[in-house]
Structures are given as structure tokens and as C-alpha cells.
Amino acid sequence: MSLSSSQASQAPLLDVELRPGAPAVLRAEAPGDAPDWVAGHRDALHAVVAEHGCVLVRGLGLRDAAGAAAVFSGFATALMAEKEAFASRRTYSEGVYSSSNWPPNQPMCMHHELSYRLEFPGLMLFACLTAPADGGATGVADAAKVLQALPAGLVTRFEQEGWLLTRSYNDEIGASLSESFGTDDRGAIESYCRANAIEFAWQPDGALRTTQRRSAVVRHPVTGLRCWFNQIAFLNEWTLAPEVREYLVDIYGAEGLPFNTRFGNGDPIGEDVVRLLNGVYEANTAREPWQAGDLMIVDNIRTAHSRDPYEGPREVLVGLADAVRLPDCRPTIEVSAG
């Protein structure tokens, strides 16, 4: 996680470039020596992330998965394995993954990684090995500012009810059971669900449907800042391209979509609410086009992230780092696991 305020004040200052509409940018001037540079500036980088919520480090010259993994390991306290994935990824090494398998021509809307889990990354690490010819930026949005910009009545409802994530696992769309849970064994999957406050039901065809209720607003475990922290809009049916939604409803039915979100009491979330959420995100989005060799460090609680549509090859590796437990974030909704 990011440093405490006392640690941040003791870290050496780095010259950070701030521009409207862009994330904080830091120029490293360290080609070929990225792991040593990042390890040597670890505390200072944590301080920048603590102040700005994220930072794009330019000039590291990252070229391959081994170099990215060395940088991730040198910066993070610990990398973590992904569980409950919604889309497939390639695994490069322990804790180092490809970006989620998502159509290049469709945006990946703002979200906080794995915010539906009881344990999630405190930090997200992104390493650009190949920049796309056009588009493909990883946008970021300040979760506290997003929360302040949302209608008070809507926030109150989500604080009181939380939100529901429903999932229907199949072998065609999204992550498979083995990709999401790390096993195909029914008993092991059921034990995981019970331990993580996930309701589950096996369907006659062998498919699994799950429901989990989570908080939409949490407090940052270091600063106490209230943050809009969820994937309500991203995993909702109305965020899908209309033709994709129609196809999925036709194939799987309205209740069998690979993923969907609802209000915490089970009421559907209307298209108007999803448009509102995505509109507030867009109004608070900062983005900077990727350059090959870049590193981006994101506080996953303080800052949401997205991915713009793109053309041409794009290779951005991902590290999930410094796990945080939901109870440490003073969530507004209690869940009982066991």
C-alpha cells in the first residue's frame, strides 16, 4: 500500500509533472536499469502515489516480461494471485499477468480491480511493453472526487444497501471456473464461496451462478478518505455495447448473463443510473497515451482505472500488489463469511 503520511514526509522529493487532464508524470531517465532505479526510489514513488493517487513513470525502458516482473517485485511489498477473475489473462510469472482479455474495439470502463472480493490489491502496477498505434490509454479517476460528484440520494442508497454482483460461469464468455477459482473441483469452489460470502447455485447443465453483496463506498485504510469503490457500472449489462448485450441476452437469457450488477436489495440498476455513473467517471478521467517502456503505479482504492479502445498491437503487463482486506477499509455493508 501507499506510505503513511509520516513515511511520505521523510521520502526524497521527485520532480512530478502535473498537467490538466493527465495523471502525474515522472521522468526517470533510467533506460536499461529500471529495477534498480525503481528500488532506489521506492519510498519517493510511494510518496507520490500517496499524494496523487497514481503516477506514470516514463523513461524506464521496460522491454520484456522479466524486466517488468523485476520492477513489480522490487516496488511492491508482495504480489498477489488473482482470484475471481471476470476475464481471462495470460500468466507470465507469479503475480504478473497480461491485461484482461477484452475486445480491443470496446472500452473497458472505470473500475477498481477486484473490488467485489473480500481481499483485493492495494496497488495496481502496469508496464507498457508495446504501445498501440492509436488509443489504448489507461485512464484514471480520483474515487473521492467521483463520490463527491454523484447525487447524494444515489450515494445514500448504495451506502445503505451496497451492491450485488451476479455471475454465471460458462466456457464461452468471461473467465472459466478454473481461471476464476483456480480449480474445477466443485467442493473446493463451494468452500471458497462459503469462506468469501458468495452465494452459489449449480445449474442443471453444470454451470455455476453466484451472487455477492459488497459495499459501494469504503474508507482508505491509510488516509481514511471516503472513496467510491466498486465495479457497479463496469460489470453492468448497460455498459456493454448494445449489440453485445442483445446477443448475450438472446443466448443466455436476462438472468443468465456472464456478469451483471444490481442494487443491494436486488432491484435492477437502470440504464439511466449506469449512464450517470459512467458520465461522472468520464468527467473526472485523466489519461496519457502509453509509450513503450512506461510504468504506471495506481492506488487501487483511491483511484479507478479504465482502458480506451485501441488499434494495433498493445502489450501492457499487470501486477496485483499489496493485498488489502475489506474490513480494514471500514465498509458500509457488513458481510459474514465462513
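All values derive from a computational prediction rather than experimental measurement.

A. Region of the structure containing the overall build of the chain. Counting its regular elements, the chain contains 10 helices and 20 strands. Rg of the C-alpha trace for the chain: 19 Å, near the compact-globule value of 20 Å for 338 residues, within the 12% margin. Within the chain, the proportion of its 338 residues that are buried is 54%. Accessible surface, the chain as shown: approximately 14,400 Å² in total, 48% of it carbon and sulfur.

B. Region of the structure containing the sheet that holds strand S16 (residues 285–286). Pairing in this open sheet of 4 strands is antiparallel, and the strands run S6-S18-S9-S16 from one edge to the other. Both outer strands of the open sheet, strand S6 (108–111) and S16, are each paired with one neighbouring strand and no more. Where S6 and strand S18 (residues 303–307) come together, 2 bridges link them in antiparallel fashion. For Met-108, the partnering residue across the bridge sits in S18 and is Arg-307.

C. Local environment of the sheet that holds strand S10 (residues 163–169). Strand order in the open sheet formed by 4 strands is S11-S12-S10-S15, with antiparallel pairing between adjacent strands. Two strands close off the open sheet at either side, each with one partner strand: strand S11 (199–202) and strand S15 (259–263). On average, adjacent strands in this sheet sit at an angle of 15° to one another, irrespective of strand direction. The pairing of S10 with strand S12 (residues 208–214) spans 7 bridges and is classified as antiparallel. Across the sheet, residue Thr-166 finds its bridge partner in S12, namely Thr-211.

D. Quick peek at unusual backbone geometry. A positive phi is found at Glu-84, a non-glycine position, where the angle reads about 65°. Locating Glu-84 in the fold gives a position in the loop between helix H4 (65–75) and strand S4 (91–93).

E. Structural detail: the confidence of the model for the chain. The predicted model of the chain averages 93 in pLDDT, with 95% of residues at 70 or higher. Across residues 2–12, confidence stays below pLDDT 50; counting only partners more than four residues off in sequence or on other chains, it has 18 contacts.

F. Region of the structure containing the nonpolar core. If you look at the biggest cluster of nonpolar residues, it comprises 60 residues, and the most contacted ones within it are Phe-120, Phe-126, Phe-158, Trp-228, Ile-232, Leu-277 and Ile-301. Looking at which element gives the most residues to this core, the answer is helix H10 (residues 271–283), with 5 residues. What Trp-228 contacts, discounting residues up to four positions off in sequence, is His-112, Ala-143, Val-146, Leu-147, Leu-150, Phe-158, Ala-216, Val-217, Leu-277 and Tyr-281. Membership of the second largest hydrophobic core comes to 28 residues, among which are Ala-28, Val-49, Val-71 and Phe-72.

G. Region of interest: the pattern of salt bridges. Scanning the entire structure with this criterion turns up 19 salt bridges. Here Arg-89 and Glu-113 are joined by a salt bridge, their closest N and O atoms 2.6 Å apart. Taken as a pair, Arg-89 in the loop between H4 and S4 and Glu-113 in the loop between S6 and strand S7 (119–130) lie far apart in primary sequence, 24 residues in all. With respect to class, Arg-89 is no different from Glu-113; both count as buried. Three or more residues joined by partner-sharing salt bridges are found here, namely Glu-17, Arg-19, Arg-27, Arg-58, Glu-288 and Asp-294.

H. Layout of the pairing of strand S20 (residues 315–325). Among the 11 residues in S20, 8 count as buried, and that is most of the element. For strand S5 (residues 96–98) and S20, the ladder comprises 3 bridges, and the chain directions are antiparallel. Among the inter-strand pairings, Val-96 is bridged to a residue of S20, identified as Gly-319. In this sheet, S20 lies alongside S7 in antiparallel orientation, the contact comprising 10 bridges. Bridging from a neighbouring strand, Phe-120 pairs with Val-324 of S20.

I. Quick look at a negative patch on the surface. The grouping of Asp-171, Glu-172, Asp-184 and Asp-185 at the surface amounts to a negative patch. Within the secondary structure layout, Asp-184 lies in the loop between helix H7 (177–181) and helix H8 (186–195). Asp-184 gets classed as exposed once you look at its relative accessible area, which sits at 57%.

Reading the values: the criteria
- Residues numbered from 1 in each chain as written.
- Predicted model: local features only at pLDDT ≥ 70, side-chain atom pairs only at ≥ 80, totals over all residues.
- Heavy atoms only, no water.
- Helix = DSSP H or I, 4+ residues; strand = E, 2+ residues; numbered from the N terminus.
- Rg over C-alpha atoms; globule rule 2.2 N^0.38 Å.
- Buried < 20%, exposed > 50% of the residue type's maximum accessible area, 1.4 Å probe, protein only.
- Areas by Shrake-Rupley, 256 points an atom, 1.4 Å probe, with all protein chains shown as cover.
- Pairing = 2+ DSSP bridges.
- Axes fitted to C-alpha atoms, helices over the stretch in contact; angles between N-to-C directions.
- pLDDT = per-residue confidence, 0-100.
- Contact = heavy atoms within 4.5 Å.
- Core = buried A, V, L, I, M, F, W, Y, C linked by side-chain atoms within 4.5 Å.
- Salt bridge = Lys/Arg side-chain N within 4 Å of Asp/Glu carboxyl O.
- Patch = residues over 30% accessible without salt bridge, like charges linked within 9 Å, V, L, I, M, F, W, Y side chains within 5 Å.
- Lys, Arg positive; Asp, Glu negative; His and termini not counted.
- Charge placed at Lys NZ, Arg CZ, Asp CG, Glu CD.

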